[in-house]
Amino acid sequence: MSTLLIKNAYLVTMDDQQRELADGGFLVRDGMIEQVAPTGELPTSADETLDLRGYVVVPGLINTHHHFYQTLTRAVPAARMRTCSPG
């Protein structure tokens, strides 16, 4: 089992209590968050540890509607200015 420990971050949980932990972190085991808590309540070691002091950690959002291809062509003038011609 692989583990990842994030510690010492300003952690925005977005849980039912909308907790913000000024010195928070979390333990991830095999890709799943196992524990969210103040750093002092987390295990002291893991396979990989990231000290995120000075960083803010917020939950990621899943964007279900995005025009990703547009980010690839926005710097190509011909792609931006192209119009459809009839027939």
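Structure: see above.
Residues numbered from 1 in each chain as written. Predicted model: local features only at pLDDT ≥ 70, side-chain atom pairs only at ≥ 80, totals over all residues. Heavy atoms only, no water.

Our focus in this paragraph is the overall build of the protein. When helices and strands are tallied, the protein shows two helices and five strands. If you list the helices and strands of the protein from N to C, you get β-β-β-β-β-α-α. Within the span of the protein, comprising 87 residues, buried residues form 23% of the whole. Across the protein, the fraction of contacts at a sequence separation of at least 24, relative to all contacts at a separation of at least 6, is 47%. When the accessible surface of the protein is split by element, carbon and sulfur atoms take 56% of a total near 7,000 Å². (Helix = DSSP H or I, 4+ residues; strand = E, 2+ residues; numbered from the N terminus. Buried < 20%, exposed > 50% of the residue type's maximum accessible area, 1.4 Å probe, protein only. Contact = heavy atoms within 4.5 Å. Areas by Shrake-Rupley, 256 points an atom, 1.4 Å probe, with all protein chains shown as cover.)

A cluster of nonpolar residues, Tyr10, Val56 and Val58, forms a patch on the protein surface that exposes about 270 Å² of accessible area. As for its placement among the helices and strands, Val56 is situated in strand β5 (residues 56–57). The exposure class assigned to Val56 is exposed, which follows from its relative accessible area of 58%. (Patch = residues over 30% accessible without salt bridge, like charges linked within 9 Å, V, L, I, M, F, W, Y side chains within 5 Å. Salt bridge = Lys/Arg side-chain N within 4 Å of Asp/Glu carboxyl O.)

A few words on unusual backbone geometry. In the Ramachandran plot, Asn8 falls in the positive-phi region, its phi being about 65° despite a non-glycine side chain. Inspection of the secondary structure puts Asn8 in strand β1 (residues 3–12). Unlike most non-glycine residues, Met14 shows phi in positive territory, near 60°. Counting through the fold element by element, Met14 comes out in the loop between β1 and β2 (20–29).

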